[in-house]
Amino acid sequence: MRDLTRLLKPKSIAVIGGGAWCASIISAAEQIGFDGLLHPVHPTGKQIAGRNSLPSLDDFPGPIDAAFIGVNRHATLEVVAQLQSLKAGGATCFASGFSEAAAEDAAAQDLQAQLIEAAGDMPILGPNCYGFVNAFDGCAIWPDQHGCRRVQKGVAILTQSSNIAINLTMQSRGLPIGYMLTCGNQAQTSQTDIALQLLDDERVSAIGLHIEGFGNLRGWEALAQKARAKGIALIALKSGISQQAQAAAVSHTASLTGSDTGADAFLKRLGIRRARSLPVFLESLKIAHQFGQLSSNRIASISCSGGEAALAADTAQDTELVFPPLNPRQVKDLGAALGPMVALANPLDYHTYIWRDQAAMTKAWSAMADDDIAMTLLISDYPREDLCDASDWACVTQAAIAATRRTGRPYAVVASLAELMPEHIAKSLMDNGVGAIHGLDHGLQALDLMSRPMAPLAKPVLLPGRDRDTAILDEHSAKLALAAHGLNIPKSVVVTDRAAAGLAAAEIGFPVVLKTLGLAHKTGANGLALGLTTPAEVAAAEPHLADGPLLAERMVGGSLAEILVGVTRDPAHGFVLTLGAGGTMTEVLRDRASLLIPATRFEVTNLLKELNIAPLLQGFRGNPPVDLGALLDAIDAVQAYVLANADEVEEVEINPLICTEQTAIAADALIRKAQ
């Protein structure tokens, strides 16, 4: 991996080009307090942002640690080659029109290859890249305004969107941003390359990652492993939720599993916490910066409003956070602080009896915290300072700080509305060890993310391989292929002479099911006849089935639950294993959960517990539990088949896998693989 130190912590910066963007680079560097060498470079020697430009890079007075290349894409190639020959520390390539434009310009991909070749061992950011702000060391290569200020410790944010990066620098939530970096189209230096190096900077408290696509999966695995070892939280905002499943999908699994399912499974596997919105992303980074991983999901809330107490409880319903009942110590100390007229509970409404009495507020808030509570929330919205006298609310800030010092426990002041937590108040709270949360709903979602325990480190994912043309195996062939890897399948026989169907059915034993082979979805295509108990019933049923060879199969009895077990090849993330409610109602119930292959039996068992039908597996309303071992064996068999055929397999589905008290047996199966 290339060393990015000189590029990201430069002592000298060359700004190449003469446009307004280059002038903005100089302004941004001055704004953040850059005190090293900074020279614009332009062949005319004209003034740029009040500085005389050098006519050539050869005239630069000393080594060039970092360069901003603000010229067109063709000239960029020449400049990169010259910088490389001068042994520069690295460059940001601003120009677009490289691989991101390949669909519109046939030459774009070749230009990107030339760019990589010209750079050689010199690291480059981009192309189509905005650059970075380093607020730790006071340097910036940033062709626009930014809202960063110098910090001693803070988070790093890496994004694939320059505009989102600009907006994030303007946040007024008190989040200390040490690095804001844009990655462009990552021709040479990837998002993970940058993040891996930033993990070695002890000033970085957490890393936020806005991700449009993963690229090298092994790089992400290395990043997650290193972050875990260093105890640094990774928070992701992944776009692409709305992408649909593959148009060619033929199984229920593929129709249920869009590309975002693979992304979600990959992030969970790596222990990267996924925020679903920008506010939750920022609030999670604030919590990670200040508190790191929370000790549990047990929280407490205290406010002077019954409405706020109820709102806190209701908002937490969509999370895994819990408000445990008050213990005897809390009840005793709260009673002493608040008197007999307050109904003690968690969340707690302490009414307004102690409002403005800082000592009494400190006493009550101290009583609410406990060693068993991961975070105590003090809900209080500050009034608008442009319209109101906010001096009365100083007691909130001071009591929160005092309670934190008295108890040594984690506290956060929460504004139910984000705009009612002024930035200077947030900074004051955070500087004194108290969390400052902008918005109750976003704050609770962030606390939920930071309270979830990390899964054990998983094996590397099975890489998805290349795209190829595929064909569908008939059900009989699919079942035999899976049975070779340990799947339990019913006794069956293929019938090509329909007149012999009754005799064939008798040989395998009644009751039987007749199926027309070659149909992906038999129920809706007149390809299925169930519960046939005599040769006469078979003979009567077969003329009404769709044309084609028949599969006569022994019906499975004693069903306690029907499970879907499916795998799809996700080109971006690996092979997605999906488990869900099976049978004819699969797409209606949409009860499913997914992870990536390979998955351990422990991971699969936990995944099954996420399903709404989990009670059926454990025994429900007097029914016995299913044979969990047999169910796990069946899932292992599917994984074994995929692992053995990764270069060919596209989709695998068993639907349903019929689970009984003694076994788990595949009633239907589908495989789509390379021709």
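Residues numbered from 1 in each chain as written. Predicted model: local features only at pLDDT ≥ 70, side-chain atom pairs only at ≥ 80, totals over all residues. Heavy atoms only, no water.

With that settled, the discussion passes to the overall build of the protein. A count of helices and strands for the protein gives 23 helices and 30 strands. Considering only C-alpha atoms, the protein reaches an extent of 95 × 80 × 40 Å along its principal axes. Relative to its 675 residues, the protein shows a buried fraction of 55%. Side chains of the protein carry 52 positive and 70 negative charges; the gap between the two charge centres is 5 Å. (Helix = DSSP H or I, 4+ residues; strand = E, 2+ residues; numbered from the N terminus. Buried < 20%, exposed > 50% of the residue type's maximum accessible area, 1.4 Å probe, protein only. Lys, Arg positive; Asp, Glu negative; His and termini not counted. Charge placed at Lys NZ, Arg CZ, Asp CG, Glu CD.)

Strand order in the open sheet formed by four strands is 21-24-22-23, and the pairing between neighbours is antiparallel. Only two strands of the sheet have a single partner each, and these edge strands are strand 21 (492-495) and strand 23 (528-532). The mean angle between the axes of side-by-side strands here comes to 15°, regardless of whether they run parallel or antiparallel. Running at roughly 50° to strand 24 (residues 550-554), helix 17 (residues 475-483) makes contact with strand 21, strand 22 (512-516) and strand 24 of the sheet. Strands strand 21, strand 22 and strand 24 of the sheet are contacted by helix 18 (residues 501-508), whose axis makes an angle of about 170° with strand 21. (Pairing = 2+ DSSP bridges. Axes fitted to C-alpha atoms, helices over the stretch in contact; angles between N-to-C directions. Contact = heavy atoms within 4.5 Å.)

The subject of this paragraph is the nonpolar core. Formed by 100 residues in total, the largest nonpolar core has its most connected members in Leu158 and Ile207. Not counting residues up to four positions away in its chain, the partners in contact with Leu158 are Leu181, Cys183, Gln191, Ile194, Ala195, Leu198, Ile207, Gly208, Leu209 and His210. In terms of nonpolar packing, the next biggest core, distinct from the first, is built from 42 residues, Leu462, Leu611, Ala637 and Val649 among them. (Core = buried A, V, L, I, M, F, W, Y, C linked by side-chain atoms within 4.5 Å.)

Take the confidence of the model for the protein next. Do not read the predicted coordinates in detail wherever pLDDT is low. Confidence in the prediction of the protein, expressed as mean pLDDT, is 92, and 96% of residues score 70 or more. Counting interchain partners and residues more than four positions distant, the pLDDT-below-50 stretch residues 243-250 has 23 contacts. (pLDDT = per-residue confidence, 0-100.)

The final tally for this structure, using the stated rule, is zero disulfides. Free cysteine Cys129: the closest other cysteine sulfur is in Cys183, separated by 6.9 Å. (Disulfide = S-S within 2.5 Å.)

What follows concerns a nonpolar patch on the surface. A cluster of nonpolar side chains, contributed by Met585, Val588 and Leu589, occupies part of the molecular surface with about 290 Å² of accessible area. With respect to the element layout, Leu589 can be found in helix 20 (residues 586-589). (Patch = residues over 30% accessible without salt bridge, like charges linked within 9 Å, V, L, I, M, F, W, Y side chains within 5 Å. Areas by Shrake-Rupley, 256 points an atom, 1.4 Å probe, with all protein chains shown as cover. Salt bridge = Lys/Arg side-chain N within 4 Å of Asp/Glu carboxyl O.)

Evaluated as defined, the whole model comprises 33 salt bridges. Residues Asp65 and Arg6 are paired through a salt bridge, measuring 2.9 Å at the closest nitrogen-oxygen approach. Of this pair, Asp65 sits in the loop between strand 4 (51-52) and strand 5 (66-69) while Arg6 sits in helix 1 (residues 5-8); the two residues are 59 residues apart in sequence, bridging distant segments of the chain. Look at Asp65 and you get buried, because its relative accessible area is 11%.

The next subject is the environment of Ile508. Tracing the chain through its elements places Ile508 in helix 18. Classification of Ile508 as buried rests on a relative accessible area of 6%. Setting aside chain neighbours within four positions, we find Ile508 in contact with Lys491, Ser492, Val493, Ala552, Glu553 and Arg554.

A few words on the pairing of strand 18 (residues 411-415). Among the five residues in strand 18, five count as buried, and that is most of the element. Of the two faces of strand 18, the one holding Tyr411, Val413 and Ala415 and the one holding Ala412 and Val414 are both buried throughout. Pairing analysis gives four bridges linking strand 17 (residues 375-379) to strand 18, with the strands arranged parallel. Counterpart to Leu377 in the pairing with strand 18 is Ala412. Taking the sense of rotation as the criterion, the β-α-β connection linking strand 17, helix 14 (residues 394-407) and strand 18 turns out right-handed. As defined by bridge partners, strand 18 adjoins strand 19 (residues 435-438) across four bridges and the pair is classed as parallel. Looking at the pairing, Val414 lines up with Ile437 of strand 19. Regarding topology, helix 15 (residues 423-431) serves as the crossover connection from strand 18 to the parallel strand 19, and that connection is right-handed. (Right-handed = clockwise from strand over helix to strand, strands pointing away.)

Let us look at the sheet that holds strand 9 (residues 139-141). Spatially, the seven strands line up as an open sheet ordered 9-8-11-10-12-13-14, and their pairing is mixed. Whereas interior strands pair on both sides, the edge strands pair on one side only; in this sheet they are strand 9 and strand 14 (273-275). Strand-to-strand twist in this sheet, taken as the mean axis angle between neighbours without regard to direction, amounts to 15°. As judged from the six bridges shared by strand 12 (residues 204-211) and strand 13 (residues 233-238), these two strands associate in the parallel manner. Note on strand 13: the bridge partner recorded for Gly208 is Ile235. Against the sheet, helix 2 (residues 20-32) makes contact with strand 8 (132-134) and strand 9, and its axis sits at roughly 160° relative to strand 9, the strand it touches most.

To continue, consider the packing of aromatic side chains. Using the criterion set out here, one finds 10 aromatic pairs in the structure. Measuring from ring centre to ring centre gives 5.2 Å for Trp21 and Phe94, while their planes differ by 55°; the resulting arrangement is tilted. Of this pair, Trp21 sits in helix 2 while Phe94 sits in the loop between strand 6 (91-93) and helix 4 (108-119), and the two are 73 residues apart along the sequence. Its relative accessible area of 43% is what places Trp21 among the partly exposed residues. Assessed through its relative accessible area of 19%, Phe94 is described here as buried. With a centroid separation of 6.2 Å and an interplanar angle of 70°, the aromatic rings of Trp21 and Tyr130 are classed as edge-to-face. (Phe/Tyr/Trp six-rings, centres within 6.5 Å; stacked < 30°, edge-to-face > 60°.)

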